[in-house]
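Residue-level structural notes
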Amino acid sequence: MSPFLFVILFSLLWVTSAHANDSFLDCLSLHSNDSSSISKVIFTQNNSSYSSVLESTIRNFRFTTPFTPKPLVIVTPLHVSHIQATIYCSRKHGLQIRTRSGGHDYEGLSYVSQVPFVIVDMVNLQSVDIDVENKVAWVQSGAVLGELYYNIANRSNTLAFPAGICHTVGIGGQLSGGGYGLLFRKHGLATDNVIDAQLVDVNGRVLDRNSMGEDLFWAIRGGGGGSFGIVVAWKIQLVSVPSTVTVSTINKNLEQNATELVHRWQSVAPKLPNEFFSILVLTRDVNSSEDGKRSTILATFRFSFLGSIDEVVPLMQEKFPELGLVREDYIEMSWIESILYMGNLPNQTLNILLDRTFQSPLITPSFKPKSDYVRKPIPKIGFHGLWSRLFEDEGATATINFIAYGGIMDEISATATPFPHRAGNLYKILYNAGWQEEENVISEKYISWSRRLYSYMGPFVSKSPRQAYINYRDLAMELITKDTQVSLKQAYGDASIS
C-alpha cells in the first residue's frame with residue numbers, strides 16, 4: 001500500500017472515530033474518581049504537549065514518520081483508578097488500548113496501531129520499593145531497568161536482579177516477555193523471578209496473584225504484554241551476587257582467525273559454568289583490517305563472570321585457550337558497574353541509569369530486528385555465507401548478536417512460564433539491520449536485506465517451528481504460513497498469542 005493511500009484510509013478511520021473520541025473523553029471524566037485529576041493526564045492531538053509525550057519514549061525512529069498512525073488520546077495515569085476508567089471507556093467506545101512502559105517494543109506495538117486507539121503510558125507509575133532483608137522488591141511497570149538497578153545498588157552491593165543491560169527498557173515490557181541479562185544463566189530470566197503482581201483486568205478489577213489465580217499469573221510472565229490486562233506493579237525476587245564481578249572483551253577479525261574462533265565459541269560458551277554470561281557481537285569493520293583500508297568482519301567476544309580474576313583466568317585457559325585471553329584482558333568491578341560496562345557505558349557514573357532519554361549505543365536510531373535460536377553448531381561454511389551478507393551495502397551498520405544459553409536455563413521446564421526456550425538451545429541470535437533516522441525514506445532496502453539474511457540462516461537454526469524471542473518482536477513472522485496463529489504460537493510460545 002502506498003503511503004498516500006494509507007494516509008487517506010487512516011484519515012477516514014480518524015473521521016469516523018471523531019465522535020467516539022469526544023464521547024471517550026466525556027466517559028473518562030464521568031468514570032474517574034477525581035475528574036479534575038484525570039484531566040491532567042489526558043493528551044489529545046489538540047494539546048500542545050501531545051507530540052512531546054508521544055515521542056518521549058519512541059526508541060525505534062522507524063516509527064516517527066508522518067505515515068505512522070497516531071493515538072487519538074494518550075493517558076498517563078497517576079493511579080489505578082485512571083487505568084480502570086480508561087479500560088472501561090475504551091471498551092465502551094470501541095477503541096483499542098496500547099500499553100507503553102519504556103517504549104522499546106521492536107515493532108512499536110506499544111504506541112502504534114492500525115485502528116483507532118488509545119495509549120496508556122505508564123510513565124508516572126515508576127516507584128521502586130526495595131526490601132533488602134527479605135530480598136524482594138515491588139516495582140511499578142512504568143519504571144525502567146536503570147531505576148530498579150540504581151535503587152538496588154544504593155541499598156546493597158551484593159543484591160541484584162536478572163534482567164537486561166539496556167537501562168531505558170521498561171519494567172512492564174521486560175517482565176511480560178521474559179527478559180534476560182548478565183545473570184540469566186545463573187538465576188534464570190527476569191520473569192522467572194516474579195513472585196506476585198498487581199493487574200487491572202478487562203473488567204477493571206484489581207487483582208494480585210491470589211485473586212487472579214495461578215493460570216493468569218502464569219500467562220503474564222513471558223507471554224507478552226497487553227494480552228491479559230494491564231500490570232501495574234510486580235513483586236520480584238532479588239538474587240545474591242558476589243561483591244566482585246569480572247568482565248572481559250576481546251576483538252578478533254578474519255585475519256586473526258575469527259571464523260575458527262566463532263565456530264569454536266558455539267561449543268564452549270553454552271557449557272561454561274553458570275556464573276558466566278557470554279555474548280558474541282558480529283559487525284563489519286574497516287579499521288581493524290591489517291591495512292586499515294579493506295573491510296573485514298569483527299567478532300567481539302564479551303564475558304561477564306560472577307567472581308574474581310583469580311577464579312576466571314584458569315577457567316578460561318582451560319575452556320577456551322584458543323581465544324588467547326590473558327590476565328591483563330580482565331577487569332574486576334561490582335555487579336552494577338558490569339551493567340554499565342556491558343551496556344557500552346564504562347565511563348559513565350551510576351546516575352546515567354536514571355536518564356530515561358539516553359539513546360543506547362547498542363542500537364541505531366532506526367532498526368529492524370529478527371531473532372533465532374540455534375540448537376546445533378553452525379558449520380564453518382555457514383559463517384562464510386554470513387560474512388558475505390555482512391559485506392553487502394546494507395550490512396555496513398548491521399549487528400548480529402549471539403547470546404549463549406545453557407546454565408540454569410537447561411534446568412527450568414519449558415512450561416514453567418509461557419517462555420518456552422529452555423533446554424537444548426545453544427544460543428540465541430539477534431539480527432539487527434540499522435540505519436539513521438533520515439534514511440527512513442529508504443528503510444525498505446534495509447528491511448529487505450534483513451529478510452534475505454533471515455532466509456539464508458534458515459537451514460542453520462531451530463526448525464518445526466523456527467523459534468523466536470517475543471521481546472524481539474517481528475511482525476514479518478505473520479507471513480510464515482497461512483495459519484498465522486498456529487505459526488506464531490509455536491514460534492514464540494503458546495501464551496504469547498491470544
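Residue numbering note: each chain is counted from 1, following its sequence as written. Totals for whole chains, interfaces and linings use all residues, but because this is a predicted model, local features are given only for residues with pLDDT of at least 70 and pairs of side-chain atoms are given and counted only at 80 or more. The basis for the side-chain values is all heavy atoms of the structure; hydrogens and waters are excluded.

**A short note on the sheet that holds strand β6 (residues 136–140)**
Strands pair, by our definition, only if DSSP identifies at least two bridges between them. Numbering of helices and strands starts at the N terminus; helices are DSSP runs of H or I of at least 4 residues and strands are runs of E of at least 2. In spatial order, the strands read β5-β6-β10-β8-β9; together these five strands make up an open sheet with antiparallel pairing. Each edge of the open sheet is held by one strand with a lone partner, namely β5 (128–131) and β9 (206–207). With two bridges connecting them, strand β8 (residues 194–200) and β9 associate as antiparallel partners. Across the sheet, residue Val 200 finds its bridge partner in β9, namely Val 206. Sheet strands touched by helix α4 (residues 80–92): β8, β9 and β10 (230–237). Its angle to β8, the strand with the most contacts, is close to 55°. Throughout, a contact is declared for two residues whenever any of their heavy atoms are within 4.5 Å. Geometry is summarised by axes, namely lines fitted to C-alpha atoms with helices restricted to the contacting stretch, and by angles between N-to-C directions that run from 0 to 180 degrees. Contacts from helix α5 (residues 145–155) reach β5 and β10 within the one sheet, and its direction differs from that of β5 by about 35°.

**Describing the state of the cysteines**
Cysteine sulfur atoms that come within 2.5 Å of each other are treated as a disulfide pair. Enumeration according to the criterion identifies one disulfide in this entry. Between the sulfur atoms of Cys 27 and its disulfide mate Cys 89 the distance is 2.1 Å. With the S-S dihedral at roughly -85°, the linkage between Cys 27 and Cys 89 falls on the left-handed side. Pair noted here: Cys 27 is in helix α1 (residues 3–31) and Cys 89 is in helix α4, with a separation of 62 residues, a long-range link.

**Some details on the side chain of Thr 86**
Here Thr 86 lies in helix α4. The term polar contact refers here to a pair of N or O atoms within 3.5 Å; inside protein, the definition further demands a hydrogen-donor-capable atom paired with an acceptor-capable atom, and it admits residues adjacent in sequence only when both atoms are side-chain atoms. From its side chain, Thr 86 meets the backbone oxygen of His 82 in a polar contact 2.7 Å long. Those residues in contact with Thr 86, other than ones at most four positions away along the chain, are Phe 24, Leu 28, Val 75, Ile 97, Val 118 and Val 120.

**Points about the packing of aromatic side chains**
Whether two aromatic rings pair depends on their centres lying within 6.5 Å, for rings of Phe, Tyr and Trp, where Trp uses its six-membered ring; planes under 30 degrees apart make the pair stacked, over 60 edge-to-face, and the rest tilted. Evaluated as defined, the whole model comprises 22 aromatic pairs. An aromatic cluster of three or more residues is present, and its members are Tyr 106, Tyr 180, Phe 184, Phe 277, Phe 367, Tyr 373, Tyr 405, Phe 419, Tyr 469 and Tyr 472. Distance and angle both matter: a charge sits over a ring if NZ of Lys or CZ of Arg is within 6 Å of the ring centre and within 35 degrees of the ring normal. Above the plane of the ring of Tyr 456 lies Arg 389, whose end atom (NZ or CZ) is 3.9 Å from the centre.

**Describing the pattern of salt bridges**
Salt-bridge detection follows one rule: a side-chain nitrogen of Lys or Arg within 4 Å of a carboxyl oxygen of Asp or Glu. Scanning all chains against the criterion turns up 19 salt bridges. The partner of Arg 327 in a salt bridge is Asp 310, and the shortest N-O contact between them spans 2.6 Å. Residue Arg 327 is found in the loop between α11 (309–319) and β15 (330–333), and its partner Asp 310 is found in helix α11; the two are separated by 17 residues along the sequence. Overlapping salt bridges bring together Arg 62, Glu 107, Lys 368, Lys 370 and Asp 474 as one network.

**Observations regarding the packing of helix α13 (residues 380–390) against helix α14 (residues 443–457)**
It is at 11 Å that the axes of α13 and α14 come closest, and there the two elements cross at 175°. Overall, the two elements α13 and α14 adopt an arrangement that is roughly antiparallel. Side by side, α13 and α14 meet where Ile 381, Gly 382, Gly 385, Leu 386, Arg 389 and Leu 390 of the first sit next to Trp 449, Leu 453, Tyr 456 and Met 457 of the second. Its residues placed into classes, the contact of α13 with α14 shows seven nonpolar, two polar and one charged. Here the angle decides the label: under 35 degrees means roughly parallel, over 145 means roughly antiparallel, 65 to 115 means roughly perpendicular, and every other value means oblique. Residues were grouped as follows: Ala, Val, Leu, Ile, Met, Phe, Trp, Tyr, Cys and Pro as nonpolar; Asp, Glu, Lys and Arg as charged; and all remaining residues, including Gly, as polar.

**Here's the deal with the sheet that holds strand β12 (residues 245–253)**
Read across the sheet, seven strands follow the order β15-β12-β14-β13-β17-β18-β16 without closing on themselves; strand pairing throughout is antiparallel. Sheet topology places β15 and β16 (366–374) at the edges, where each strand pairs with a single neighbour. Across the sheet, the axes of successive neighbouring strands diverge by a mean angle of 20°, strand direction being ignored. Of the pairings in the sheet, the one linking β16 to strand β18 (residues 427–435) comprises nine bridges and is antiparallel in character. Bridge pairing in β18 links Lys 368 to Ala 433. Together, β12, β13 (276–285), β14 (296–305), β17 (399–404) and β18 form the strand contacts of helix α10 (residues 258–268), whose direction differs from that of β14 by roughly 35°. Against the sheet, α14 engages β16, β17 and β18, with an angle of about 160° to β18.

**Section: the nonpolar core**
Note that soluble globular proteins tend to have their nonpolar side chains buried in a common cluster. We define a nonpolar core as any set of buried Ala, Val, Leu, Ile, Met, Phe, Trp, Tyr and Cys residues linked to one another through side-chain atoms lying within 4.5 Å. For each residue, the accessible area found with a 1.4 Å probe, counting protein chains only, is set against the maximum for its type, and the residue is called buried under 20%, exposed over 50%, and partly exposed in between. Ranked by size, the top nonpolar core spans 65 residues in total, and within it Phe 161, Ile 220, Trp 234, Ile 236 and Trp 335 carry the most contacts. If you tally residues by element for this core, the top one is helix α12 (residues 335–342), at six residues. The residues touching Ile 220, leaving out its near neighbours within four places in the chain, are Leu 175, Ser 176, Ala 197, Leu 199, Met 212, Phe 228, Val 231 and Trp 234. With 46 residues, the next largest nonpolar core counts Ile 309, Leu 325, Tyr 330 and Ile 378 among its residues.

**A short note on the side chain of Asn 440**
With respect to the helices and strands, Asn 440 occurs in the loop between β18 and α14. Among the polar contacts listed, one links the side chain of Asn 440 to the backbone oxygen of Phe 61, at a separation of 2.8 Å. Separated by 2.9 Å, the side chains of Asn 440 and Trp 435 make a polar contact. Setting aside residues no more than four positions away along its own chain, Asn 440 makes contact with Phe 61, Arg 62, Thr 64, Thr 65, Ser 366 and Trp 435.

**Some thoughts on unusual backbone geometry**
For the bond from Ser 464 to Pro 465, the omega torsion is 5°, close enough to zero to count as cis. With respect to the helices and strands, Pro 465 occurs in the loop between α14 and α15 (484–492). One non-glycine residue, Asn 344, lies in the positive phi region at around 60°. One can find Asn 344 in the loop between α12 and β16. The exposure class of Asn 344 is partly exposed, given its relative accessible area of 38%.

**Things to note about the packing of α10 against α13**
Axis separation between α10 and α13 bottoms out at 10 Å; the angle between their running directions is 125°. Judged by the angle between their axes, α10 and α13 are oblique. The interaxial crossing formed by α10 with α13 has right-handed handedness. On α13, the residues touching Thr 259, Glu 260, Val 262, His 263 and Gln 266 of α10 are Lys 380, Phe 383, His 384 and Trp 387. By residue class, the composition of the contact of α10 with α13 is three nonpolar, four polar and two charged. Here a crossing is taken to be left-handed if its near helix is turned anticlockwise relative to the far helix by less than a right angle, and right-handed if that turn runs clockwise.

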